[in-house]
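# Coordinate inspection notes
Each chain is listed here by its residues.
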Amino acid sequence: MFKLKPEFSTELSEFGAVDINACYNCGNCTAICPLSDEDNSFPRKMVRASVLGLEDKIQISADPWLCYYCGECSTTCPREANPGELMMSLRRYLISKYDWTGLSKKFYTSKKWEFGAIFLLAGLVFLLFALLNGIPVSTDKVLLNELAPWQIVEIGDWTMAALLAGLLISFIFNMYRKIIIKDENIKIPLKLYFTEFWALIFHFASQWRFSDCEMKVKTFWKNILEGKYNYWIVHWLLMSGYVILFIMIVGFLGWFQTDKIHPWWHPQRLLGYYATFGLVFGTVYFIIHRYKKDRENTKYSHVTDWTFVVLLLMAAVSGILMHISRVSQLPVLLTYYMYVVHLMIVVPMLMIEVPFSKWSHLAYRPFAIYFDNLKKSAGKIKSGS
Amino acid sequence: MFETIINGQPKIGVYICHCGINIANKVDVYHVVDFVKTLPNVTVVREYKFMCSDPGQNMIKEDIRKGEVNRVVVASCSPKLHLYTFRNVAERSGLNPYNYVQCNIREQCSWAHSDKPEEGTEKAIRLLRAAIGKVRYSEAIASIKISALNSVLIIGAGVSGMRAAIELADMGTEVFLIEKNHFVGGRAAQIGDLFSTDEKGKEIVSKLYNEIKKREKIKLFTGSELESISGSVGNFEAKVKVNPRYIKSGCDKDKLKDAINECTDEVPDEFNFNLTQRKAIYKNYDGALPDIHVIDKKSFSPGEDFLKTYKDCIDFNQKTEILNLDIGAVILCTGFDPYEPAENEYGYKQIDNVITLQQFKRIIELNNSDKLVYNGKNIKNVAFIYCVGSRQVNGDNKYCSRFCCTAAIHTSLIIKKKYQNVRSFHLFRDIRTYGKQEELYDEASRQGDIFLKFDAEEPPVVERNGEFTTVKIKDILSEREEIEMTPDLIVLVTGMVPAKDNEKVASIVKAPVGRDNFFNEVHPKLRPVETVIDGIYIAGTCQGPKNITESVKSSLSASAKAHSLLSKGEIELEPIVAKINENICEWCDKCAEVCDYDAIVKTEYKGKMVATVNQVVCKGGGMCVSVCPVDAIDLAGYTNNEIESMIDMMTKEIAVIMKKEGEEQPSGGEDIKEKSDQKMKELPEVWKSILKTLETEEKNIPQISKDLNLPQPVVTYNLMTLVKYGYISPGEMDDKDEYYFYKLKQ
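Residues numbered from 1 in each chain as written. Chains lettered and ligands numbered in written order. Predicted model: local features only at pLDDT ≥ 70, side-chain atom pairs only at ≥ 80, totals over all residues. Heavy atoms only, no water.

Turning to the overall build of chain A, a few remarks are in order. The helix and strand inventory of chain A stands at 20 helices and 1 strand. Scaling as 2.2 N^0.38, a compact globule of 385 residues should have a C-alpha radius of gyration of about 21 Å, and chain A matches this with 23 Å. Across its three principal axes, chain A shows a C-alpha extent of roughly 70 × 45 × 40 Å. Taking contacts inside chain A between residues at least 6 apart in sequence as the whole, the part at least 24 apart equals 75%. In the form shown here, chain A has an accessible surface area of approximately 18,400 Å², with 68% of it arising from carbon and sulfur atoms. Where the 39 positive side-chain charges of chain A centre and where its 31 negative ones centre are 3 Å apart. (Helix = DSSP H or I, 4+ residues; strand = E, 2+ residues; numbered from the N terminus. Rg over C-alpha atoms; globule rule 2.2 N^0.38 Å. Contact = heavy atoms within 4.5 Å. Areas by Shrake-Rupley, 256 points an atom, 1.4 Å probe, with all protein chains shown as cover. Lys, Arg positive; Asp, Glu negative; His and termini not counted. Charge placed at Lys NZ, Arg CZ, Asp CG, Glu CD.)

So this is what it looks like as C-alpha cells:
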C-alpha cells in the first residue's frame, strides 16, 4: 500500500518536470516509446508514480535510466504533459537521492548553490596559483612544468580522482540498495553478478541503447543525419574524446603535459586533436539544439543542462587556446594565464559534475542496465523459464 | 360520429407493386394480376415497378378521377412505410382516406418466403383477397374534431417550468404556473456557481422570474400543488390547492425583520440540506422570489405577546384555497431530488466529514472568506468520490446522472480559485465531461488535481482513524496498487433521482414512469417530451437526469409541442374509435374493465344503464370489441363486417396452380381439386414409412434417410411434422453430438 503524496509533483517541478499533472493515462507515450517493452514499460507508469508521489516505486525502478530521451513520447502526448522531460527530471531527482551528502539536491534546486559552488571552486584554484606560486618564472619560453610541475599536478589529479570515484562508488552502492536490496520480491543468486557483468562493460563503452532511441527514418544516411543514429554518434564522439583526455591527464600526465613541441602527427598531439574535436563538436552541436529548441528533447533545458555542456565546451576551448598559444609561440604569459584559466574551469566542472550532477549518468546508466538485467534474469530463474 | 357514405357499388382498384425486384423476383406479379381480375367488384387491376413513385401515384389518381375506382387497394410494402402516402393520394383525388387499404406482400410475403416463390405467390394472392374483402366493406370515416383551450398548466416553477412558461406566453398561450414550494427556482437556486458561464444559480432564477413578471399571460401560484385532474386533451379540469403564507400583504418590512429576529423557533433548513437552521418565519435565501416571507406553521409556536406585537404582519386567518383551472394541456416540470446516500454509505452520516456534492455547493456559496472551513476544521484537501447513487451495481439506479462529472470537476476549479491552496482528489469510475465541458477536465488536471480510477466492484473504503478519515482506493491507473490518503473533506458526488413528489403527480395525472421511476417519454429519440397521454408533456429533469442547458432545451420543445397542439383552437383526432350500440348493450362492465385508457363510462340511455365510449380518449385498441358478450361494440376502420370479410376471402378453398407453358388458365374447377387432394394423400405415405422404420428401434436422420432412400432434407421436414403432431418424440443425442435419435411416442 502506498500513501498519496501530492506535493511531490511540485517538488519535481524544481527538478524540471513540466505539467505532469495533465496526464490522463492514455498510455500513448508508452506505446510509441522505442525502448519500452513488456518487462520495462515506461514512461506512463513513471508519470503516474510521479503524479501520485509514490517515491518508493520510483526509486526501486531502473526505468528512468533506460530512457534516452528521444522525445517521441512528448510529441505524441495528447495532453502535452511532457513525459520525456518527466523522465529527465526523474534522473535528476534520482541523482540527488543516490547522493547521501545532500549537495546534489542543492545544486539542482538552487541556482545560487550551483553557480556559487562553481565560482567558489574556480576562485580557490585561482587563489592556489596566486598565493602559492605567484606569477610565473621564465618569460621567454613556455615552461608549464615550472608553473605547475606535472608531478604535483598528478598528485592533485589522483587525489581528486580518488575522492570523486569514492563518492561516486558510494552513490552507486546507494543505487544498488534502492533498486536491488529494497526489492523484496527478488533474490539475486551470486552467479548472476558475474554472468551479467559483460552488459556493464559493453553499455559503458558503446551506449548501444542510444542507437535504438529515436524513430527509424527512411535511409541509413538519414538515420545518421537526423534519425536513430544521430545523437548516438555525436554523443559517442564527445564521450570518446573525454575518455581519451581523462586517460592522458590522470594516467599519463608526464607524457601529456610536456613542454616539448611535438610535430603535428605525434600521438600526443593527434590524440589531443581528436579529443578536443569530439568535445567541441559534441558540445557545440548540443548547445545549438538547446538554444534553438528545435527538437523535442531540447525544448526544456534545466540550468544544470546548460552548466554541464557549457563548462565542457569552455574547458575544451580554454585547452585549445592554451595549446595554440604554446605551439604558436605567442607571448609566454598568455599561455600561463590560459593554463590557470583552464584549471579554473576544469576543477569546478569535475568536482561538481562528476558525483553531484549530470556527469554521473556515465556511471548510473550502465549500472542501471546491469541491475535491471540481474533482476530480469533472477526473475526468469525463479519462474523456471 | 362517423358517417358511412355509400356511393353506390364498390368499384375496387387493385394496384400491385413490383417494388423493383423486391417483390417481383419472388412473387409472380403477373399471375397475381390475372387471378385478381376474376374477383367480384374489382374494376381495375394494374401492376407497376414502384407504386409509391409519382407515375405510380398518378395512376391511382387518374382512375379515381375517371370514376372507375372508388375503393383502393395497393399491394406493396409495409403500411409503416407508405400508408400515409397512399391515403394522401386518395384524399387528394377526392376519396376518403379510409377507403384505402394497404396489403403487405413484401415484408410479409416475398421477403419472408424467398426460398419458396410458388407458395409465396399463392400467399400473396390470399393476402390480396383479404385486402379486397376489407376494402369492399370499408367506410368513409371523418376525423374527429374537438375544440381545445389555448391554455397550459405547468407544474413546477424551476428553470424548466419558468422557461416553458415564458416561451408559451410569448407564443400567445395562457399559462398557469404552479410551484409547490413558496419560492421559485427549484434546484438551480441551490447550486451556486454554475459551469459554462460561472453565473450563480440564483442569478438565473432571478432573470427568469423577472421575465415571468413582465408577462400578463403567465399566472404564477406558489405554495400550490395539484390535487386532481379530469378531462382529456384540449379540455382538462385541474384542481390546485394553494397554501397560505400567513404574512399580511403590504406589511412593514422593518417590523417583519424585528419579528424574525425575535422569533426563536428554528428547524433544520431544507434549502441548505440541513446544514444550517432557519427560523419559522423565513425565505429560502436572501433575495428569494417572490419577495414575500413565509410562516412555517408546523414549527411556529409564538407566545401571545409576540402575536400581539406583530399583528400587522401575521395573519392566521389566511386559508387554503382551491383553484379550478380549465386548460388544454399540461407540462410536468417537477424536477429531481439529489440522491440521499444510505446510512454509512462511504461513511455518510457516521463520519462527520463526509458530505454530498449538493451540501458542498451550499457550503461554498455560504462561505465568502478566503479559507475553506467545515466543522471548525481548515480544509486543505478534498476527495470527491464519483458515481454515488448512479450506475449502481447492487442498487436500482443503473443510469448515469450525466451532470455530475462536470459539476464535481467544475467545483474543484471553483474552490482552487476561491480558496487558493486547496487540492482536490477525484476518485472516479469514468470521467464524462462531454462536449465543451472537456476543457474543464483538462484545466482541473493541469492545476494539480489528482485523478484516481476505481472499479465498480472494488469501491474506495472510507474509515475513521482517530482524528483523521482515511480513504483507500485500488487505483486501476497504478496497476491496482492500493493508495491511501487522508483528505480533510470527503464529498460524495451524488446523482439525480426522481423527486419524491413525482409519484403523487404521476398517480393524479396517470403519466407512466419508467423502471428508473422518471417519467416515461413516448420515444426516447423521436418524441422525447410527450407521454402516451395526449396533452400531457414532460420537460426537465423529471424525465431523466440532465443539466440546465438540456432542461431548457426540453422545456422549449415541450412548449412548442403544447402550443402547436392548441393554437388552432381545435384538435383533430384519429377516427379509429369504438362505438357501442346502446340498444343491444346491457351494461356488464366487461368492456370498461378491459380498456387501458379508461375510455368507457356508464351512462343512461332510454331508461337503462349502458356503456358509452369517450371518443376523445379512445385510442382504437379494440379490446372492448372482443370481450363484449352481446357483440354490441364495433370499431371504426376495423368493423366486424370488414374483418369477417377478410377472413372469408383469405381462407376460402381455392386451387392455385402456377400456369405452365401451353396450358390453359385454370378457372378453379373440380379437376384441380382432385389433383390437390391427391397430393395431400401422398404425403402421409412418407409419414407411414418413417413410422414403420422406427418401429424396431430409435434412429437418427441419416439412418432414416438411408433406410428409406430419401434425401435428408425431405426426411427432416416430415420428421419434424410428425414430432409436431405428436407421433414421434426426440431422444438422446448421438455420440458425435450431431443428430438426435427419434422414437415412436407411446
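There's more to say after this.
The geometry of two aromatic rings is summed up by the distance between their centres and the angle between their planes. Going through the model one piece at a time under the given rule, you end up with 43 aromatic pairs over all chains. Considering the side-chain rings of Tyr441 of chain B and Phe451 of chain B, the 5.1 Å spacing of their centres and the 70 degrees angle between planes classify their relative orientation as edge-to-face. Of this pair, Tyr441 of chain B sits in helix α12 (residues 438-446) while Phe451 of chain B sits in strand β23 (residues 450-453), and the two are 10 residues apart along the sequence. This pair shows no difference in class: Tyr441 of chain B is buried, exactly as Phe451 of chain B is. Grouping aromatic residues by their ring pairs yields a cluster made of Phe173, Tyr176, Tyr193, Phe197, Phe367, Tyr370 and Phe371 of chain A. We note Arg79 of chain A situated over the ring of Tyr441 of chain B; from NZ or CZ to the ring centre the distance is 4.5 Å. Directly above the aromatic system of Phe336 of chain B lies the positively charged group of Arg187 of chain B, at a separation of 5.8 Å from the ring centroid. (Phe/Tyr/Trp six-rings, centres within 6.5 Å; stacked < 30°, edge-to-face > 60°. Buried < 20%, exposed > 50% of the residue type's maximum accessible area, 1.4 Å probe, protein only. Lys NZ or Arg CZ within 6 Å of the ring centre and 35° of its normal.)

Before going further, it helps to spend a moment on the interface of chain A and chain B. If you look at the interface, chain A gives 22 residues, while chain B gives 22 residues. With both sides pooled, the region where chain A packs onto chain B buries about 1,900 Å², and carbon together with sulfur makes up 51% of that total. Area buried by chain A at its contact with chain B is led by Met1, Leu4 and Arg79 of chain A, which between them contribute 30% of it. Applying the counting criterion to the chain A and chain B interface returns 15 residue pairs in polar contact (both at pLDDT 80 or more). Of all the secondary-structure elements, those providing two or more residues to the side of chain A that touches chain B are β1 (2-3), α1 (7-14) and α3 (44-52) of chain A. (Buried area = accessible area lost by both parts, 1.4 Å probe. Polar contact = N/O pair within 3.5 Å; in protein donor to acceptor, adjacent residues only side chain to side chain.)

So, on to the sheet that holds strand β22 (residues 423-428) of chain B. Residue and element names in this part refer to chain B. Spatially, β18-β27-β21-β22-β23 is the arrangement adopted by the 5 strands of the open sheet, whose pairing is parallel. Every other strand in the sheet has two partners, leaving β18 (354-356) and β23 as the edge strands with one partner each. Adjacent strand axes in the sheet meet at a mean angle of 25 degrees when their direction is disregarded. Sheet topology places strand β21 (residues 381-388) next to β22; 5 bridges connect them, and they run parallel. Its bridge partner being in β22, Phe384 is matched across the sheet by His426. Each of β18, β21 and β27 (489-494) touches helix α10 (residues 357-366); the most contacted strand, β18, lies at about 90 degrees to it. (Pairing = 2+ DSSP bridges. Axes fitted to C-alpha atoms, helices over the stretch in contact; angles between N-to-C directions.)

What follows is about a negative patch on the surface. Residues and elements named next belong to chain B. A grouping of Asp252, Asp254, Asp258, Glu262 and Asp312 is seen on the molecular surface, where their side chains present a negatively charged patch. Assignment of secondary structure puts Glu262 in helix α8 (residues 253-262). Accessibility expressed as a relative area gives 45% for Glu262, which makes it partly exposed. (Patch = residues over 30% accessible without salt bridge, like charges linked within 9 Å, V, L, I, M, F, W, Y side chains within 5 Å. Salt bridge = Lys/Arg side-chain N within 4 Å of Asp/Glu carboxyl O.)

A few words now on a nonpolar patch on the surface. All names here are of chain A. On the surface, Leu120, Leu124, Phe126, Leu127 and Leu131 cluster together into a nonpolar patch covering about 530 Å² of accessible area. Looking at the element boundaries, Leu131 is found in helix α9 (residues 111-133). The exposed category is assigned to Leu131, whose relative accessible area is 66%.

Along any regular strand the residues' side chains alternate between the sheet's two faces. All names here are of chain B. Relative to strand β37 (residues 740-744), strand β35 (residues 699-700) runs antiparallel, the two sharing 2 bridges. What sits directly across from Asn700, in β37, is Phe741. Alignment of strand β36 (residues 728-733) against β37, held across 4 bridges, turns out to be antiparallel. What sits directly across from Ile728, in β37, is Leu744. The hairpin turn running from β36 into β37, its antiparallel successor, is 6 residues long, and Asp737 in that turn takes a positive phi close to 60 degrees.

Read these as spatial facts, not as claims about activity.
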